[in-house]
Amino acid sequence: VQLVESGGGLVQPGGSLRLSCAASGFTFSSYAMSWYRQAPGKERELVAVITSGGGSTNYVDSVKGRFTISRDNAKNTVYLQMNSLKPEDTAVYYCNTRVAGIKYWGQGTQVTVSS
């Protein structure tokens, strides 16, 4: 299993970013996918999750209405569209899935929201 995130960067408050996570090594369309984030000095937290078919999503309260998780099973890719970004969204964002009871993580992509 390999997960490779991309799309992070520096953005001003109120701006937008779209993160991507390219997956390989497993049957992508059969598994739920998640985005987590970890800010400096804080625990890693679940941000959003999407079911295998994409029909159901859930979000942490702090990002509801601003972030959207989606997936393209033909491209083995999951996305996180982040709008109205706030300084408190600054963190390393990780893609995650669980296959055969084992959690897999990408290397992470840094998102910094600052003026």
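Source: prediction; values computed, not measured.

Criteria and thresholds
- Residues numbered from 1 in each chain as written.
- Predicted model: local features only at pLDDT ≥ 70, side-chain atom pairs only at ≥ 80, totals over all residues.
- Heavy atoms only, no water.
- Helix = DSSP H or I, 4+ residues; strand = E, 2+ residues; numbered from the N terminus.
- Phe/Tyr/Trp six-rings, centres within 6.5 Å; stacked < 30°, edge-to-face > 60°.
- Buried < 20%, exposed > 50% of the residue type's maximum accessible area, 1.4 Å probe, protein only.
- Salt bridge = Lys/Arg side-chain N within 4 Å of Asp/Glu carboxyl O.

Enquirer: How should the environment of V11 be read in this particular structure?
Expert: Along the polypeptide, V11 turns up in strand β2 (residues 9–11). Remark: the alpha-carbon pair of V11 and S114, spanning 103 residues in sequence, is separated by 6.3 Å.

Enquirer: I would appreciate a short explanation of the packing of aromatic side chains in the present structure.
Expert: Within a pair of aromatic rings, the relevant descriptors are the distance that separates the centres and the angle that separates the planes. Within this structure, the stated rule accounts for 4 aromatic pairs. Note on F26 and Y31: the rings are 5.8 Å apart at their centroids and 70 degrees apart in plane angle, and the pair reads as edge-to-face. According to the relative accessible area criterion, F26 is buried, its value standing at 13%. Note on Y31: relative accessible area 26%, which makes it partly exposed. On the basis of an interplanar angle of 70 degrees and a centroid distance of 4.8 Å, the ring pair of Y36 and W105 is categorised as edge-to-face. Note that Y36 is positioned in strand β4 (residues 33–38) and W105 in strand β10 (residues 102–105), a separation of 69 residues in sequence.

Enquirer: Which parts of the structure should I look at to understand the pattern of salt bridges?
Expert: Pairing of side chains with opposite charge becomes possible as their charged atoms draw close. Tallying each qualifying case throughout the model produces 4 salt bridges. Among the salt bridges present, the one from D89 reaches R37, with a minimum N-O distance of 2.9 Å. One end of the pair, D89, is in the loop between β8 (77–82) and β9 (91–99); the other, R37, is in strand β4, and 52 residues separate them in sequence. Residue D89 shares its accessibility class with R37, and that shared class is buried. Across the salt bridge formed by R66 and D89, the nearest N and O atoms sit 2.7 Å from each other.

Function cannot be inferred from these measures alone, as they are strictly geometric.
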